[in-house]
Amino acid sequence: MKRALFPGSFDPLTLGHYDIIKRGVKVFDEVVVAIGINAEKKYMFSLKKRKQFIEETFKNFPKVKVVTYKGLTVDFCKEIDADFILRGLRNPADFEFEKAIAHTNRDLSPVETVFLLTSAKTSYISSSIVRDVIRNKGNYTILVPESVRVE
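Rules behind the numbers
- Residues numbered from 1 in each chain as written.
- Predicted model: local features only at pLDDT ≥ 70, side-chain atom pairs only at ≥ 80, totals over all residues.
- Heavy atoms only, no water.
- UniProt positions renumbered as here; feature names shortened; annotations may be inferred.
- Helix = DSSP H or I, 4+ residues; strand = E, 2+ residues; numbered from the N terminus.
- Expected span 1.5 Å × (residues − 1).
- Buried < 20%, exposed > 50% of the residue type's maximum accessible area, 1.4 Å probe, protein only.
- Contact = heavy atoms within 4.5 Å.
- Polar contact = N/O pair within 3.5 Å; in protein donor to acceptor, adjacent residues only side chain to side chain.
- Pairing = 2+ DSSP bridges.
- Right-handed = clockwise from strand over helix to strand, strands pointing away.

Named according to an unreviewed UniProt entry, the protein is Phosphopantetheine adenylyltransferase originating from Aureibaculum algae. Under the UniProt heading Subunit (unreviewed entry), the note attached to the protein is "Homohexamer." Checking UniProt for the protein, the heading Sequence similarities (unreviewed entry) contains the comment "Belongs to the bacterial CoaD family."

Structural data, given as structure tokens:
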């Protein structure tokens with residue numbers, strides 16, 4: 001089975017994430033969306049809420065699993081028997097950043113990183129932009145899947 005781990009904080013899930021996951025299930029037998037737990041980071045949404053957003057969005061996608069994890073991503077890949085890390089690229093800066101991580105991960109483990117380019121219509125969307133729009137009471141709903149709603 002070709003299993004890919006798609007790690008991130010997903011604070012919150014965006015249409016860009018949605019696009020990469022939806023396309024990833026065409027490439028892999030299973031995509032495990034893994035929400036990393038980092039005690040140093042301040043999140044807008046609780047871990048429970050972020051997981052709920054993703055589970056609701058992909059409830060009709062049997063090839064998508066949603067989990068949380070702590071520690072190194074490559075160690076978690078070993079734990080769940082994932083040979084691939086799936087990452088989305090929006091721009092050249094993303095590529096440079098992700099390339100360094102991919103090289104480090106390959107030094108630590110035999111896991112391969114697979115990059116998918118974001119679609120043109122979602123390439124400008126980031127979780128930090130979405131959070132800023134939410135904080136400033138803008139129309140964030142055009143940037144996220146339907147399940148991501150702020151109460």
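> Looking at this structure, I do not really get helix α1 (residues 15-27). What am I missing?
Since there are 3.6 residues in each turn of an α-helix, residues three or four apart along the chain are aligned in direction. When the terminal C-alpha atoms of α1 are compared, their 19 Å separation across 13 residues agrees well with the 18 Å that a helix rising 1.5 Å per residue should span. Along α1, the residues classified as buried are Gly16, His17, Asp19, Ile20, Ile21, Gly24 and Val25. Those residues of α1 hidden inside the fold are in contact with β1 (3-8), β2 (30-36), β3 (64-69), β4 (84-89), β5 (112-117) and α5 (127-135). At the N-terminal boundary of α1, the capping side chain belongs to threonine 14, with an oxygen 3.1 Å from the backbone nitrogen of glycine 16.

> What is the right way to look at the side chain of serine 126 in this model?
Looking at the secondary structure, you find serine 126 in the loop between β5 and α5. Classification of serine 126 as buried rests on a relative accessible area of 10%. For serine 126, the side chain forms a polar contact with the side chain of serine 128, separated by 3.1 Å.

> Is there a simple way to explain the pairing of β3 in this structure?
Regular strands place their side chains on alternate faces of the sheet. As paired strands, β2 and β3 are joined by six bridges and run parallel to one another. Residue pairing for β3: valine 31 is matched across the bridge by valine 64. Handedness of the β-α-β unit built from β2, helix α2 (residues 47-57) and β3 comes out right-handed.

> I tried to follow the pairing of β4 on my own but got confused; where do I start?
Counted residue by residue, β4 has five buried out of six residues, so it is predominantly covered. Where β1 and β4 come together, two bridges link them in parallel fashion. Of the residues in β4, the one forming a bridge with leucine 5 is isoleucine 85.

> Any chance you could explain the UniProt feature "site: Transition state stabilizer" (unreviewed entry) in the protein here in plain terms?
Per the UniProt record, "site: Transition state stabilizer" (unreviewed entry) is annotated on His17. Residue position: histidine 17 is located in helix α1. Excluding residues within four positions of it along the chain, histidine 17 makes contact with Phe6, Phe10, Pro12 and Ser127. Here the side chain of histidine 17 touches threonine 14 through a polar contact of 2.9 Å, landing on its backbone nitrogen.

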